[in-house]
Amino acid sequence: MNDEFMNEDLDDEKTIEFIKNYLPQDLKERFSDDELTYFLDLIDEYYVESGVLDATPDKDGCIDIDLEKIVDYIIKQAKRDGIGNYEHDEILFVVQGESDYIDSLDEA
């Protein structure tokens, strides 16, 4: 069980580094590692709650994921949780970065 948590932490660290490198220069200092971890948790939560993980893949094995809906979910949850008010475009970069990181794992 501890190994599983350590692997998840390591995965989050790698994802956060990828996202930080993905962000445009003006956003690189905008988010703390804690905020990015929070966003990753919300992305995972969205996948579970939206049912996207239960969707049937297309003939190429892909599932259509609407990044705009994930962005809206993060903004709503962050405001509700008192974490902060975020702009759509800045959160979209985070969500796109996470998505590109996942895609890069599939290509490896």
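Every chain begins its residue count from 1, and numbering advances along the sequence as written. Since the coordinates come from a predicted model, pLDDT governs what is reported: local features require at least 70, and pairs of side-chain atoms require 80 or more to be given and counted, while whole-chain, interface and lining totals use all residues. The side-chain values count all of the structure's non-hydrogen atoms but skip hydrogen atoms and water molecules.

**A word on the overall build of the protein**
Link 1 in the chain: Looking only at helices and strands, one finds 4 helices and 0 strands in the protein.
Link 2 in the chain: Under the scheme used here, helices are H or I runs from DSSP no shorter than 4 residues and strands are E runs no shorter than 2 residues, and both carry numbers assigned from the N terminus. Its helices and strands in sequence order give the protein the pattern α-α-α-α, from N to C terminus.
Link 3 in the chain: Think of it in three bands: with a 1.4 Å probe and only protein chains considered, a residue is buried below 20% of the maximum accessible area for its type, exposed above 50%, and partly exposed in between. Residues classed as buried in the protein amount to 30% of the 108 residues present.
Link 4 in the chain: Here, residues are in contact when the closest pair of their heavy atoms is within 4.5 Å. Considering only residue pairs separated by 6 or more positions, the protein has 64% of its internal contacts joining residues 24 or more positions apart.
Link 5 in the chain: Only the protein chains shown count as cover for residues, and all accessible areas are computed by the Shrake-Rupley method using a 1.4 Å probe. Surface exposure of the protein reaches about 7,300 Å², of which carbon and sulfur atoms provide 48%.

**So, the packing of aromatic side chains**
Link 1 in the chain: Two rings from Phe, Tyr or Trp (for Trp, the six-membered ring) form a pair when their centres sit within 6.5 Å of each other. Planes less than 30 degrees apart are called stacked, planes more than 60 degrees apart edge-to-face, and all others tilted. All chains considered together, the criterion is met by 7 aromatic pairs.
Link 2 in the chain: For the pair Phe18 and Tyr101, a centre-to-centre distance of 5.3 Å together with 55 degrees between the ring planes defines the contact as tilted. Here Tyr101 lies in helix H4 (residues 88-107) and Phe18 lies in helix H1 (residues 2-22), a separation of 83 residues in the sequence.
Link 3 in the chain: Three or more aromatic residues joined by ring pairs make a cluster, and in this case those are Phe31, Tyr38, Phe39 and Tyr86.

**So, the nonpolar core**
Link 1 in the chain: Buried residues of nine kinds, namely Ala, Val, Leu, Ile, Met, Phe, Trp, Tyr and Cys, make up a nonpolar core once their side-chain atoms join them within 4.5 Å. With 24 residues, the main nonpolar core has Phe31, Phe39, Ile74 and Ile91 as its most contacted residues.
Link 2 in the chain: Elements supplying a minimum of two residues to this core: H1, helix H2 (33-50), helix H3 (67-80) and H4.
Link 3 in the chain: The biggest single contributor to this core is H2, with 8 residues.
Link 4 in the chain: When near neighbours in sequence (up to four residues on either side) are disregarded, Phe39 contacts Phe31, Ile74, Tyr86, Ile91 and Val94.

**Looking at the packing of H2 against H4**
Link 1 in the chain: The N-to-C vectors of H2 and H4 enclose an angle of 70 degrees; their axes lie 11 Å apart at closest approach. On the basis of their axis angle, the class for H2 and H4 is roughly perpendicular. You can see that H2 and H4 cross each other, and the crossing is right-handed. In contact with Leu36, Phe39, Leu40, Ile43 and Tyr47 of H2, H4 contributes Ile91, Val94, Val95 and Glu98.
Link 2 in the chain: Classes in brief: Ala, Val, Leu, Ile, Met, Phe, Trp, Tyr, Cys and Pro nonpolar; Asp, Glu, Lys and Arg charged; the others, Gly included, polar. Counted by class, the contact of H2 with H4 contains 8 nonpolar, no polar and 1 charged residues. Lines are fitted to the C-alpha atoms to define the axes, a helix being fitted only along its stretch in contact, and any angle between axes, read from their N-to-C directions, falls within 0 to 180 degrees. Angle categories: roughly parallel below 35 degrees, roughly antiparallel above 145, roughly perpendicular from 65 to 115, and oblique for all the rest. Left-handed is the label given to a crossing in which the near helix is rotated counterclockwise from the far helix by less than a right angle, and right-handed is the label when the rotation is clockwise.

**Side note on the environment of Glu45**
Link 1 in the chain: Position of Glu45 among the secondary structure elements: in helix H2.
Link 2 in the chain: Distance in space between the C-alpha atoms of Glu45 and Ile70 is 9.8 Å, their sequence separation being 25 residues.
Link 3 in the chain: Beyond its immediate stretch of four places on either side in the chain, Glu45 contacts Tyr73 and Gln77.

All we've got here are geometric facts, nothing functional implied.
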